[in-house]
Amino acid sequence: MKTSVAYDYRDMSKMAAKMVADAIRARPNLVLGLATGGTPLGMYKELIRMHIEEGLDFSQVTTFNLDEFCGISPDNKHSYRYYMCQNFFNHVNVKPENIYIPDGKAEDIEEFCREYDRKIEELGPIDLQILGIGRNGHIGFNEPADRLKVDTHVVTLAEETIRDNGSFFDDPLDMPKKAITMGLGAIMKTKKILLLANGRKKATIMASLLKDRHVTTKLPASFLYLHPDATIIMDREAAGEALERKTAG
Ligand code: PGA
């Protein structure tokens, strides 16, 4: 696992966007795994700038999102589909038919999960997967547990995750308690992973992840140690003072 420390959030976002852009330029029909949350917003902003100013072309790119809240329709402003459209898809030329995001309102949610994995198998493998990290070490919504699921599944969100995301809802009590998430299987099968972390609130979990190299289901991001091509880019606040600045690529 490679680690880089960016100067700040802006620098981290630019490094991440450059990695995505380089991958698309090398392979225009890239299969790109995408994440939501606060962390990747700056990366999306930079990718939109690259699309507008440098002609970065997403027309052949296929995207798979990691997760979605259960019980929320795609046009609900709190859904991750809505987030993706507002913050990225509406501003670049990814074709709507090439966008895959779990459907939190699927009638048969178990069947939907199986179908999502089948689609990833059919169109994948995912060339580059973007990940954030929860303060509890989750990736996607794979929460710390005794056992981690391999396949796409419905998960009961951890208390900490509900607290961290509740503030995005007008009434924090409206925050769904369940979500659909890609499992560790699809994440580990991706060709390349880029995990981003920024801000002081991530410093404790990044220290736990990086301090002694071990793998545990209690810290799902630790499975990245077993991935053949995983990179972490974090800003100085998330990295703490222990790590010196390195530059990407
Ligand atoms: P955040 O969420 O980007 O909003 O911090 C990250 C995550 O929970 O994976």
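Above this text sits the structure in question.
Described in the following lines is the structure provided in the data block. Counting of residues starts from 1 at the beginning of each chain's written sequence and follows it residue by residue. Confidence filtering applies because this is a predicted model: local features only for residues at pLDDT of at least 70, side-chain atom pairs given and counted only at 80 or more, and all residues used for totals across whole chains, interfaces and linings. Side-chain figures throughout are based on the complete set of non-hydrogen atoms in the structure, without hydrogens or water.

1. Remarks on the overall build of the chain
For step 1, the next point in the chain: A tally of regular secondary structure across the chain gives eight helices and ten strands.
For step 2, the next point in the chain: Our radius of gyration is a C-alpha quantity, and the globule rule it is checked against amounts to 2.2 Å times the number of residues to the power 0.38. The C-alpha radius of gyration computed for the chain amounts to 17 Å, which stays within 12% of the reference 18 Å derived for 249 residues, consistent with globular compactness.
For step 3, the next point in the chain: Here the C-alpha coordinates of the chain stretch approximately 50 × 45 × 35 Å along the principal axes.
For step 4, the next point in the chain: Residue exposure (1.4 Å probe, protein chains only): buried if accessible area is under 20% of the type maximum, exposed if over 50%, otherwise partly exposed. Burial analysis of the chain (249 residues in total) assigns 55% to the buried set.
For step 5, the next point in the chain: Contacts between residues were defined by any pair of non-hydrogen atoms, one from each residue, lying within 4.5 Å. Residue pairs in contact within the chain that sit at least 24 positions apart in sequence constitute 79% of those at least 6 positions apart.
For step 6, the next point in the chain: Here the chain displays about 11,800 Å² of accessible surface, and carbon together with sulfur accounts for 50% of that area.
For step 7, the next point in the chain: Both charge centroids of the chain, one from 33 positive and one from 36 negative side chains, sit 5 Å from each other. Helix and strand labels come from DSSP, where a helix needs a run of H or I of at least four residues and a strand needs a run of E of at least two; each type is numbered from the N terminus. Only the protein chains shown count as cover for residues, with accessible areas throughout obtained via the Shrake-Rupley method and a probe of 1.4 Å. For this count, His and the chain ends are skipped, Lys and Arg are scored as positive, and Asp and Glu as negative. Every charge is mapped to an atom, namely NZ of Lys, CZ of Arg, CG of Asp or CD of Glu.

2. A short note on the sheet that holds strand β4 (residues 67–69)
For step 1, the next point in the chain: Taken in spatial order, the three strands of this open sheet run β4-β8-β7, and their pairing is antiparallel. Because the sheet does not close on itself, it has two edges, and the strands there are β4 and β7 (153–156). Across the sheet, the axes of successive neighbouring strands diverge by a mean angle of 30°, strand direction being ignored.
For step 2, the next point in the chain: For two strands to be treated as a pair, DSSP must find no fewer than two bridges joining them. Where β4 and strand β8 (residues 178–181) come together, three bridges link them in antiparallel fashion. Each residue of the ladder has a partner; that of Asp67, found in β8, is Thr181. Helix axes use the C-alpha atoms of the stretch in contact, all axes being lines fitted to C-alpha atoms, and the angles between their N-to-C directions lie in the range 0 to 180 degrees.

3. Let's talk about the packing of helix α1 (residues 9–26) against helix α2 (residues 41–54)
For step 1, the next point in the chain: Following both chains from N to C, one finds α1 and α2 inclined at 50°, their axes separated by 8 Å at the closest point. Judged on the interaxial angle alone, α2 and α1 are oblique. Here the hand of the crossing between α1 and α2 comes out right-handed. Across the interface between the two elements, Tyr9, Ser13, Lys14, Ala16, Ala17, Lys18, Val20, Ala21 and Arg25 from α1 touch Leu41, Gly42, Met43, Glu46, Leu47, Met50 and Glu54 from α2.
For step 2, the next point in the chain: Counted by class, the contact of α1 with α2 contains nine nonpolar, two polar and five charged residues. Small angles under 35 degrees read as roughly parallel and large ones over 145 as roughly antiparallel, with 65 to 115 read as roughly perpendicular and the rest as oblique. Note: crossing handedness is left-handed where the near helix turns anticlockwise from the far helix by less than a right angle, and right-handed where it turns clockwise. For this classification, Asp, Glu, Lys and Arg are treated as charged, while Ala, Val, Leu, Ile, Met, Phe, Trp, Tyr, Cys and Pro are nonpolar and the rest, including Gly, are polar.

4. As for the pattern of salt bridges
For step 1, the next point in the chain: Any carboxyl oxygen of Asp or Glu within 4 Å of a side-chain nitrogen of Lys or Arg constitutes a salt bridge here. A full pass over the atoms with the stated rule returns 20 salt bridges.
For step 2, the next point in the chain: Ionic pairing is found between Arg49 and Glu54, a salt bridge with its closest N-O pair at 3.0 Å.
For step 3, the next point in the chain: Overall, the relative accessible area of 26% leaves Arg49 in the partly exposed class.
For step 4, the next point in the chain: With a closest N to O distance of 3.4 Å, Lys119 and Glu122 form a salt bridge. With Lys119 and Glu122 both in helix α4 (residues 109–123), this residue pair falls three residues apart, about one helical turn.
For step 5, the next point in the chain: In this structure Glu122 comes out as exposed when scored by relative accessible area, which is 54%.
For step 6, the next point in the chain: Taken together, the shared-partner salt bridges connect Arg25, Glu46, Arg49, Glu53 and Glu54 into one network.

The values are spatial; any link to function lies outside them.
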